[in-house]
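Fold and contact review
Read off the chains here:
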Amino acid sequence: MQSRNKSPLPKWLFSCAVVWIAVNFITIISLQEHLSSLIESTPPTNAAEADVSDVKPTPKSDTSSPGDFHFDRKAAETALQTHGHDEIFQPLRAYIEKPLNDTVPDTIDKGNLNDKRPKIEAGRPAMWYVPLPLRENTPDDLRVFEYGHKLRSCNDMPAKLPVDRGLGKHVAPNVNNRKTFSSGQLDKWEEAKEGTPVQADPFLPWIHDMFPDSSGSVIHFIAQNKRRCNSGKVHWDDIHALEPQVTIMQPVSVKRIDEETAQKLAPSLWSDGKSSDQRYRLAPHEEADADGMFTRFICRFKAMDYSKSPPELITVGETLSTYPYNYEFVNYRKDVGDLSMLTPKGKDNAMFWQAQQRFDCHVPDNGDLRSMIASGEGVLSDGTPSVYVDFVPIRTAPRYGKQMSYFTPDMAEEMIRFPQDSFGWGDLMKSNIVPANGQVVNNISDDHPSRLMKNGFDARLFWGDSHVIPRIEASGRWENLPICQPPTNNVGKVDKPVEKKHKLAACLWASASFKTRGDAQAVSDTTSRLIEWIEFHLLVGFDHIYVYDNTGAHTDEVSLESTLFPRFLDSEVTRIDWPCQVCNNNIPAHENTGERSSQYAAENSCRARYGPTTEWMASFDTDEYLIPMGRFNSMREVVDDATNSGTQILTFKSTRAAPQRTYMEPFHEHKDCGTVSDPRCLSVQPGHLFAEVYNCDFEAPPKPGWAERAKKQLYRSEYVLAHYVHYATVTQGLVETIEEAKEANHKWDMHFRESRDKDKITDESNQAVMLHTKTTVPEYTTDWKERCAFGFTPGHGKNCRVGFPWPSNDDKGDEKATPEGYGYNCFTNEKLSKVWVPKLREAMEQRNSRVTSNN
């Protein structure tokens, strides 16, 4: 093809054109570098919150989500060797957001703080601004705290999650504590740096544990409700500030929108003007996305891209959190009358089903992501994780009372029922609101009218139609929570149901030493108790024992590791390092009762971690022995029989046993125990088994009704969804909706009560019994000769604490006292003494021989 002839350009014009192109090219390159530096800037820090040297710059992150994430373990290990742990590991951070501007100042009624009853003079919530004002934060408004100096890898999980300050660093005692953050005696910013950020930003869950399920498709978060740590009136301001710890247990509903819509609805919200990330707005049920109907957190997943050098952190998907069950629905069905998840008075600790929290994040279905998490392959050889999740709370005001419950008709009919207005809050949604800036809520067409209740929480009134949730970068959040191995690897079984590995397992929260409630006594016999307790329960049919080792809360010199291993096999015992402190160790009668957070979180973790692979579970103390009785020769036989009869929970009444005088000797080495020549106390002789010494129960079977107050339980993990020390707090029966009841063709009622067919008290003579062998320290036996004498009338706290068994367990005959004049006062378990104690002694001797020979 022949070209057209053109006149050549003058040389001076050509030279100018070249110069002009070059200048513009350099300008464009410089502008790109400048924009890149802005996008890749490090998170905002403040010397008051974190040491600058500890804050690691955020690596380059691809905000788009690849459609097919690929993981190459060999490439990952090569990158680790080439670049090192510090270049790859992403430190855990907490971004602190200021409190919501959702209530009118000075309009709250505290109620009667001198009355501990939760429903009496409970106060009145502060007046709300409606619709909820926008959260107009920018990234620079957030305060950041980094925990990479504590939590360095998956090898540190869950022990080094920022739960508290750690051993020796606590500034507030957990007994008789009167220090508060509101008074300035405690500094929430210092606490956020050295301990946990939850007091500074109570919308952040107080996470004690997190782990993926065996399929790699769900990340489970185990948390405690920190608002329950104190209940005393001097702590009211702190308790009030922690209300969001309950709010995050109440679901919200959201609808996904794009960036353009977000800008139109809420132009005042911060935006970088570039990103096209997913946005959300609060929306009533009838408008919400199907997976956004009952949520509370945005879960942003990130992974290391090892194909880049150095590796880069990329976003691999974003999901909305779910609950294992609806906490608000549980609260609704717990009481026939009105009941509120929280009250302004704050005396809510009696509602112990709100102590333990669980939240779930579904892992995006993106290439190798789920299979890599399920197999544990994403955790490199030195414990460095390859996947992280940001956990971003969606912030709203709390809801009070049953009349503000937020359900759909398939859950609890079309009308919320509350037979009585116990709190006087029936008018909250009418007279306790103030229009915010004269805003008027527009009436949007209902996309899904079948989801609309005829009463209950008015989401459109409280949230409006344009409450857009801020971008993640401008939101308070947990960032870079590491995703580590699942409790049970399920390699090659991602889409298959989890197998029940164990028929019967127990959870123990134990320590090498500890102090009882109120620091009443120091207990140092825990290790010997632990060894005997595990041996006994393996002997009577338990498959596995999970020991949550709380020793690190008391000392950094020892742990239970050397006590448990190599004595026991890995197939018999699993130890979980659990050093977090009990946040309140006051006695139950104390004005500031609080609760034993570490213990309750351990039980929550154990059920969530190991329940899916266990048929029957229990949480016991090392002084509680389960003894098969009658025709049953093991606890496995007992639970098999219960399963066949349709029982879901076996309840064991609890009464105290006493050490038998036969196994005791004089003691004087305490200020209340006399002298060498005149010892006034007794102590247990060395060389005897606890099950042998304390086989002397003050109550004969069947135990009285009051013994159910401190009961313990065995339960089917599939039926009991949450368990709290003595009680199955949430069951499948409790969370059943009215629609599910109709499908099953049985009756449904607002108030649920567990039936005795499902929850059975054991037959203590013919099925199984619990022996409570709580240690009787020598000083508790002071003046035992006088107190135990037949005919002695004890004053308060002056009871005989030494056991004198009734002959042949017969307390109806004429013989009432020993030849020495001490009154008979307790009953022995003959099957324990004749069958199980000899077997226990033999089993312990055999294990001792094996351990000795292996050494």
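Cut-offs and rules
- Residues numbered from 1 in each chain as written.
- Predicted model: local features only at pLDDT ≥ 70, side-chain atom pairs only at ≥ 80, totals over all residues.
- Heavy atoms only, no water.
- Helix = DSSP H or I, 4+ residues; strand = E, 2+ residues; numbered from the N terminus.
- Buried < 20%, exposed > 50% of the residue type's maximum accessible area, 1.4 Å probe, protein only.
- Contact = heavy atoms within 4.5 Å.
- Areas by Shrake-Rupley, 256 points an atom, 1.4 Å probe, with all protein chains shown as cover.
- Disulfide = S-S within 2.5 Å.
- Salt bridge = Lys/Arg side-chain N within 4 Å of Asp/Glu carboxyl O.
- 1 Å grid on protein atoms, 1.4 Å probe; cavity = no way out; pocket = protein on both sides within 12 Å on 5 of 7 lines; lining within 4 Å.
- Points joined across faces, edges and corners; volume = space filled by probe spheres on them.
- Pairing = 2+ DSSP bridges.
- Axes fitted to C-alpha atoms, helices over the stretch in contact; angles between N-to-C directions.
- pLDDT = per-residue confidence, 0-100.
- Expected span 1.5 Å × (residues − 1).
- Phe/Tyr/Trp six-rings, centres within 6.5 Å; stacked < 30°, edge-to-face > 60°.
- Lys NZ or Arg CZ within 6 Å of the ring centre and 35° of its normal.
- Polar contact = N/O pair within 3.5 Å; in protein donor to acceptor, adjacent residues only side chain to side chain.

Moving on, we get to the overall build of the chain. Each helix and strand counted, the chain has 21 helices and 29 strands in total. A buried classification covers 55% of the 855 residues belonging to the chain. Long-range pairs, those at least 24 residues apart, make up 79% of the contacts in the chain with a sequence separation of at least 6. Element-wise, carbon and sulfur atoms account for 50% of the exposed surface of the chain, whose accessible area totals about 37,100 Å².

All told, the structure shown has 7 disulfides when counted by the stated rule. Paired through a disulfide, C299 and C361 show a sulfur-sulfur distance of 2.0 Å. Its S-S torsion of about -70° marks the bond between C299 and C361 as left-handed, since a negative value means left-handed. Here C299 is found in strand 9 (residues 297-305), whereas its partner C361 is found in strand 11 (residues 356-362), with 62 residues between them in sequence. According to the relative accessible area criterion, C299 is buried, its value standing at 0%.

On to the pattern of salt bridges, then. Summed over the entire model, instances satisfying the criterion amount to 58 salt bridges. R395 is the partner of E97 in a salt bridge, and the nearest nitrogen-oxygen pair spans 3.3 Å. Of this pair, E97 sits in the loop between strand 2 (93-96) and strand 3 (128-130) while R395 sits in the loop between strand 12 (387-393) and helix 10 (409-412); the two residues are 298 residues apart in sequence, bridging distant segments of the chain. Its relative accessible area of 4% is what places E97 among the buried residues. With relative accessibility at 2%, the residue R395 sits in the buried group. With a shortest N-O distance of 3.4 Å, E259 and R471 are connected by a salt bridge. Of this pair, E259 sits in helix 7 (residues 259-265) while R471 sits in the loop between helix 12 (459-463) and strand 14 (477-482), and the two are 212 residues apart along the sequence. Exposure class is identical for E259 and R471. Each is buried. In the salt-bridge network here, residues are joined through shared partners; they are E259, D272, D277, R279, R300, K302, D390, R471 and E473.

For the structure shown, the criterion picks out 9 cavities of 30 Å³ or more. Along the wall of the largest cavity there are 32 residues; nearest its centre are A172, F181, K226, N230 and C583. One number sums up the size of the second largest cavity: a volume of about 130 Å³. Residue lining of the second largest cavity: 13 residues in total, with C507, W509, Q599, E603 and S619 positioned closest to the centre.

This part takes up the sheet that holds strand 22 (residues 649-652). Spatial ordering of the open sheet is given by 19-18-15-20-25-22-28, a layout of 7 strands whose pairing is mixed. A strand with exactly one partner marks an edge of an open sheet, and here the two such strands are strand 19 (573-577) and strand 28 (759-761). Taken over all neighbouring pairs, the strand axes of this sheet differ in orientation by 20° on average, direction set aside. Judged from the 3 bridges that link them, strand 20 (residues 614-620) and strand 25 (residues 712-716) form a sheet pairing that is antiparallel. Among the inter-strand pairings, W616 is bridged to a residue of strand 25, identified as R716.

Relative to the helices and strands, K501 is located in the loop between strand 14 and strand 15 (502-510). By relative accessible area, which is 59% here, K501 ends up exposed. Considering only alpha carbons, one finds K501 and P612, 111 residues apart in sequence, at a separation of 8.9 Å.

So, on to the sheet that holds strand 11. Strand order in the open sheet made by the 3 strands is 5-6-11, with antiparallel pairing throughout. The outermost strands of the open sheet, each flanked by one partner alone, are strand 5 (206-212) and strand 11. Direction aside, the axes of adjacent strands within the sheet are offset by 20° on average. Bridging between strand 6 (residues 218-224) and strand 11 involves 7 bridges; their strand directions are antiparallel. Considered in strand 11, the bridge of V218 is made with H362. Relative to the sheet, helix 15 (residues 597-610) contacts strand 5, strand 6 and strand 11, its axis offset from that of strand 6 by approximately 160°.

This brings us to the confidence of the model for the chain. Per-residue pLDDT for the chain averages 90, and the proportion of residues at 70 or more is 89%. With pLDDT under 50 throughout, residues 1-14 is counted as low confidence; its partners more than four residues away or in other chains account for 0 contacts. Contacts for the low-pLDDT stretch residues 16-64, under 50 throughout, to residues beyond four places or in other chains number 51 contacts.

Taking 1.5 Å per residue, 14 residues should reach 20 Å; helix 13 (residues 526-539) reaches 20 Å between its end C-alpha atoms and fits that length. Across the 14 residues of helix 13, 11 count as buried, placing the element largely inside the fold. Taken residue by residue, helix 13 has T526, R529, L530, I531, E532, W533, I534, E535, F536, H537 and L538 as its buried positions. One or two positions beyond helix 13, positive phi appears at G541, with a value near 115°.

Okay, the pairing of strand 14 next. In terms of residue burial, strand 14 counts as a mostly covered element, since 6 of its 6 residues are buried. Sheet analysis places strand 2 next to strand 14, joined by 3 bridges and oriented antiparallel. Within the sheet, the bridge partner assigned to R93 lies in strand 14 and is E479. Pairing analysis gives 3 bridges linking strand 12 to strand 14, with the strands arranged antiparallel. Paired with V389 across the bridge in strand 14 is L481.

Our focus in this paragraph is the packing of aromatic side chains. For the coordinates displayed, the defined rule picks out 32 aromatic pairs. Judged by centre distance (5.1 Å) and plane angle (35°), the ring pair of F457 and F462 falls under tilted. F462 matches F457 in its accessibility class, with the two residues each being buried. Its guanidinium or amino end placed over the ring of W206, K226 lies 4.9 Å from that ring's centre, counting from NZ or CZ.

The subject of this paragraph is the side chain of S231. You can see S231 is positioned in the loop between strand 6 and helix 5 (236-241). Discounting chain neighbours no more than four positions away, the residues touching S231 are I239, K347, N349, E591, N592, T593 and G594.

Bringing the side chain of E286 into the picture now. You can see E286 is positioned in the loop between strand 8 (279-282) and strand 9. Residue classification places E286 among the buried residues on the basis of a relative accessible area of 5%. In this structure the side chain of E286 is engaged in a polar contact, spanning 3.1 Å, whose partner is the side chain of R460.

Right, let's talk about unusual backbone geometry for a bit. Cis geometry marks the peptide bond from S309 to P310, where omega comes out at 0°. Mapped onto the secondary structure, P310 falls in the loop between strand 9 and strand 10 (312-320). Going from F565 to P566, the amide bond is cis rather than trans, its omega being 10°. Along the polypeptide, P566 turns up in the loop between helix 14 (561-564) and strand 19. Not every positive phi belongs to a glycine, and D106 is a case in point at roughly 60°.

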